[in-house]
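Remarks on the overall topology
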Amino acid sequence: MSDLDRARLRATFDEAAELYDRARPGYPAALFDDLAALACIGPGCRVLELGCGTGQATVPLAERGGAIICVELGAGMAAVARRKLARFPSVEVVVAPFEDWPLPPEPFDTVVSATAFHWLDPAVRVAKAADALRTGGALATIATHHVAGGTADFFAEVQACYERWDPATPPGLRLSPAAAIPPSSEELDRSGRFGPATFRRYEWDLPYTTAAYLETLLTYSGHRALASEARDGLLACIADLIESRYGGRISKRYLTELRVAHRGG
């Protein structure tokens, strides 16, 4: 992805901050238990969150008791996050691109990025995250993968809608099973700034009504970036499929992956 495409697509999230907060799934509770065992996020810990969005990961992080600074690119997303986090006086939300944000003098114990690290400039993100950490501090990234499962027949059939309305869709595209998606720490290893990464994975299904699924699709950058005619046609095609073939309800499978690596000396 080019820098221009990355900047254009990541800016689309702020156009619908309230929808994003309402429609996007959160993260498994077990993930935060595992993160607490692998990194410092509780009382007395300094945490930096990169791309907090509307605070979907920040709220369960804040409930652990650490002091958190959230750096969020979008003012609309940050406004929703501030509202949700108002009950946590030790949480601050800053509107800025992380790439340009000046790091404070005191280092952090943990840097967290939930479904956002891949949107940061790859020439900057790993090195600057390491610079933000104390020696031995942890970089924790959370990734969400769309995997085979749930209402499997629907996800096979819906590709016809995408092939019709989005010409960039590869013919015959199918979701991969979770086991076929390998964990990767290559970027961290290449930097020489971090020790070996630890991975935890969570595979789970989420039910959707037709309306709820369409709302979720409207939070994805690729769908939002489509021309309005193509986007409307795609959503109508998907809605008709769910209603006519699946009784207005489907289930989607997610793979959530936690990756934690500690900064070397």
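Just above sits the structure.
Notes on the structure follow. Since the model is a prediction, treat every value here as computed from it, not as a measurement.

The next thing to look at is the overall build of the chain. Helix and strand counts for the chain come out as twelve helices and seven strands. Along the first, second and third principal axes, the C-alpha atoms of the chain reach 55 × 35 × 35 Å. The contacts in the chain between residues at least 6 apart in sequence include a share of 76% that link residues at least 24 apart. Entry remark: accessible area of the chain is about 12,000 Å², with carbon and sulfur atoms responsible for 54%. In the chain, the 28 positive side-chain charges and the 33 negative ones have mean positions that sit 2 Å from each other.

Attention now goes to the side chain of Thr 54. Among the structural elements, Thr 54 can be located in the loop between strand S1 (46–50) and helix H4 (58–62). Using a relative accessible area of 0% as the deciding quantity, one classes Thr 54 as buried. A polar side-chain atom of Thr 54 sits 2.8 Å from a polar atom in the side chain of Asp 21.

Attention now goes to the side chain of Lys 252. Take Lys 252: it is sitting in strand S7 (residues 249–262). Nearest to the buried, unbridged Lys 252 among oppositely charged side chains is Asp 205, at 9.4 Å. Separated by 3.2 Å, the side chains of Lys 252 and His 146 make a polar contact. For Lys 252, the residues in contact, after removing those within four places along its chain, are His 146, Phe 155, Trp 204, Asp 205, Leu 206, Tyr 208, Tyr 213 and Tyr 220.

Scoring rules and cut-offs
Residues numbered from 1 in each chain as written. Predicted model: local features only at pLDDT ≥ 70, side-chain atom pairs only at ≥ 80, totals over all residues. Heavy atoms only, no water. Helix = DSSP H or I, 4+ residues; strand = E, 2+ residues; numbered from the N terminus. Contact = heavy atoms within 4.5 Å. Areas by Shrake-Rupley, 256 points an atom, 1.4 Å probe, with all protein chains shown as cover. Lys, Arg positive; Asp, Glu negative; His and termini not counted. Charge placed at Lys NZ, Arg CZ, Asp CG, Glu CD. Buried < 20%, exposed > 50% of the residue type's maximum accessible area, 1.4 Å probe, protein only. Polar contact = N/O pair within 3.5 Å; in protein donor to acceptor, adjacent residues only side chain to side chain. Salt bridge = Lys/Arg side-chain N within 4 Å of Asp/Glu carboxyl O.

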